[in-house]
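A look at the structure
Listed below are the residues making up each chain.
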Amino acid sequence: MFKIPESILVMIYAGQQVLLLERAQPEGFWQSVTGSLEPGESWREAAVRELREETGFAAEGLVDTGVRNRFPIVPPWRERYAPEVAFNEERIFTLALPEPQVPQLRHQEHVNFAWLPAVEAARRTGSWTNRDAIYRHFGARLDAQQAAS
């Protein structure tokens, strides 16, 4: 069964710290919570499910930012989609936590996690849409941090 070319990204943060997860494959690829919609699932339902599956966190305070991205599906993930599918649509959500928490990782999907200052998280993520989500949320604060470093 092929994946649906619609996905979510949930950027989790606590203050100025952003949670990134390291994927099992490809090795060294860091990102926020992500995942594809399942048949009949809404964008929000997918975000809540992926958040629970990838971190164990509750979705209390989950925000749909209204940001939508459309991008070509890259070769490492190409075989997961039907042959005629070339693009994916992604919607961005955020979740604010009062303080950093330890996620419950599913090691078949993610092998490590890190709470990073937003500017470092933006540098480390392997996804341009994830980087954009961090910059959109933290905006001028990141610019000031980068100028100081």
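Everything in this summary refers to the structure shown in the same document.

Procedures and definitions
- Residues numbered from 1 in each chain as written.
- Predicted model: local features only at pLDDT ≥ 70, side-chain atom pairs only at ≥ 80, totals over all residues.
- Heavy atoms only, no water.
- Helix = DSSP H or I, 4+ residues; strand = E, 2+ residues; numbered from the N terminus.
- Rg over C-alpha atoms; globule rule 2.2 N^0.38 Å.
- Buried < 20%, exposed > 50% of the residue type's maximum accessible area, 1.4 Å probe, protein only.
- Contact = heavy atoms within 4.5 Å.
- Areas by Shrake-Rupley, 256 points an atom, 1.4 Å probe, with all protein chains shown as cover.
- Lys, Arg positive; Asp, Glu negative; His and termini not counted.
- Charge placed at Lys NZ, Arg CZ, Asp CG, Glu CD.
- Arc of directions from axis to C-beta.
- Pairing = 2+ DSSP bridges.
- Core = buried A, V, L, I, M, F, W, Y, C linked by side-chain atoms within 4.5 Å.
- Phe/Tyr/Trp six-rings, centres within 6.5 Å; stacked < 30°, edge-to-face > 60°.

**What about the overall build of the chain?**
Of regular secondary structure, the chain possesses four helices and seven strands. Ordered by position from N to C terminus, the α and β elements of the chain give β-β-β-β-α-β-β-β-α-α-α. At 15 Å, the chain has a C-alpha radius of gyration in line with the 15 Å of a compact globule built from 149 residues. Seen through its principal axes, the chain has C-alpha atoms that stretch 45 × 30 × 30 Å. Burial statistics for the chain: of 149 residues in total, 48% are counted as buried. For the chain, the share of sequence-separated contacts (at least 6 apart) that also reach a separation of at least 24 residues comes to 69%. In the structure as shown, the chain presents an accessible area of about 7700 Å², 53% of it carried by carbon and sulfur atoms. Each charge class in the chain can be summarised by its mean position, and for the 16 positive and 20 negative side chains these summaries are 3 Å apart.

**Digging into the side chain of E50**
The residue E50 is located in helix α1 (residues 43-55) in this model. Setting aside its immediate chain neighbours within four residues, E50 contacts I8, V33, T34, G35, S36 and T55.

**Comments concerning helix α3 (residues 128-138)**
Listed in full, the buried residues belonging to α3 are T129, N130, A133, I134 and F138. In an axial view of α3, the angular spread of the buried residues amounts to 155°, which keeps them on one side of the axis.

**A look at the environment of F113**
One can find F113 in strand β7 (residues 110-117). In this structure the C-alpha to C-alpha distance between F113 and R23, which are 90 residues apart in sequence, comes to 9.2 Å. Once residues within four sequence positions are removed from consideration, F113 is found in contact with L19, L20, L21, W30, V102, P103 and L105.

**Focus on unusual backbone geometry**
With an omega of -10°, the peptide bond running from Q25 to P26 counts as cis. Looking at the element boundaries, P26 is found in the loop between β2 (17-23) and β3 (30-31).

**Observations concerning the pairing of strand β1 (residues 6-14)**
For β1, a buried count of eight out of nine residues is recorded, marking the element as mostly surrounded by other parts of the structure. Judged from the eight bridges that link them, β1 and strand β6 (residues 87-96) form a sheet pairing that is parallel. Paired with L9 across the bridge in β6 is I92. Pairing between β1 and strand β4 (residues 33-36): four bridges, direction antiparallel. Looking at β4, one finds that I8 is bridged to G35.

**Focus: the nonpolar core**
A general trend in soluble globular proteins is that nonpolar side chains are found buried together. Formed by 20 residues in total, the largest nonpolar core has its most connected members in I8, V10, I12 and L51. Looking at this core, the elements with two or more residues in it are β1, β2, α1 and β6. Every residue in contact with V10, bar those within four places of it in the chain, is listed here: S32, V33, A47, L51, L62, F93, T94 and L95. The next biggest cluster of nonpolar side chains, apart from the first, holds 16 residues, and it includes V18, L116, A133 and I134.

**Here we look at the packing of aromatic side chains**
For the coordinates displayed, the defined rule picks out three aromatic pairs. Summarising the aromatic geometry, the rings of F29 and W77 are spaced 5.7 Å apart at their centres and angled 65° between planes, so their arrangement reads as edge-to-face. One end of the pair, F29, is in the loop between β2 and β3; the other, W77, is in the loop between β5 (63-72) and β6, with 48 residues separating them in the sequence. Residues F71 and W128 carry aromatic rings whose centres are separated by 6.5 Å and whose planes lie at 85° to one another, so their mutual orientation is edge-to-face.

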